[in-house]
Amino acid sequence: MFPMTEDTQQYFTLIYGILDTKNRRFTYVCAGHPPPILLSPGQQAQLCDAPSLPIGLFEDETYTENTIVLEPGARVYLYSDGVLEAMNPERKIFSEARLRSTIQDYQSEGLQDSVHSIVKSVLAWTETNQIHDDLSILSVEFK
């Protein structure tokens, strides 16, 4: 149970997606959650479209379904805001631009190794190997 009242001013974010392997599509809805990053072979990592607000801010908020067509070798990365907001000692955040660049840096690695390398890069950014939020990354690759 999540207490969403004007008194608590609480909200939460989420992403919900369906991976259709037959038609090579990933259909998703974001509710204030960071949007997926798509890495297609030979291309720059791109932030997918997902304008939305968190659940609980507005009673009648509507959410838009988005679809990504996946070519062979394409990867989709889902991640928590804790990845983007990890801070270094100078209080600079890891950022979406740095995450996209890091994803590209490790595109030649196997999928599991690339995720491990990205996590190591985020932790190295902090210089303490600690973050103050969650650090979650999930990736899928279409073969």
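Residues numbered from 1 in each chain as written. Predicted model: local features only at pLDDT ≥ 70, side-chain atom pairs only at ≥ 80, totals over all residues. Heavy atoms only, no water.

## Thoughts on the side chain of S114
Alright, step 1. Considering the arrangement of structural elements, one finds S114 in helix 3 (residues 111-126).
Alright, step 2. On the accessibility criterion, S114 (0% relative accessible area) is buried.
Alright, step 3. The residues touching S114, leaving out its near neighbours within four places in the chain, are R75, Y77, Y106 and E109. (Helix = DSSP H or I, 4+ residues; strand = E, 2+ residues; numbered from the N terminus. Buried < 20%, exposed > 50% of the residue type's maximum accessible area, 1.4 Å probe, protein only. Contact = heavy atoms within 4.5 Å.)

## Considerations on the nonpolar core
Soluble globular proteins: nonpolar side chains tend toward being buried together.
Alright, step 1. I37, Y77, Y79, L99, I103 and I137 are the most contacted members of the largest nonpolar core, which has 16 residues in total.
Alright, step 2. Take this core: its biggest share by element is 4 residues, from helix 3.
Alright, step 3. Setting aside its immediate chain neighbours within four residues, Y77 contacts P36, I37, L39, I103, L111, S114, V115, I118, I137, L138 and S139.
Alright, step 4. Counting residues in hydrophobic clusters, the runner-up holds 12 residues, among them C30, C48, V76 and F142. (Core = buried A, V, L, I, M, F, W, Y, C linked by side-chain atoms within 4.5 Å.)

## Quick look at the packing of aromatic side chains
Alright, step 1. All chains considered together, the criterion is met by 2 aromatic pairs.
Alright, step 2. Pairing F26 with Y28 gives two aromatic rings, centres 5.6 Å apart and planes at 15 degrees, and the pair type is stacked.
Alright, step 3. Its relative accessible area of 7% is what places F26 among the buried residues.
Alright, step 4. When its relative accessible area of 2% is taken as the criterion, Y28 is described as buried.
Alright, step 5. Ring plane angle 80 degrees and centroid distance 6.0 Å describe the contact between F94 and W125, whose orientation is recorded as edge-to-face. (Phe/Tyr/Trp six-rings, centres within 6.5 Å; stacked < 30°, edge-to-face > 60°.)

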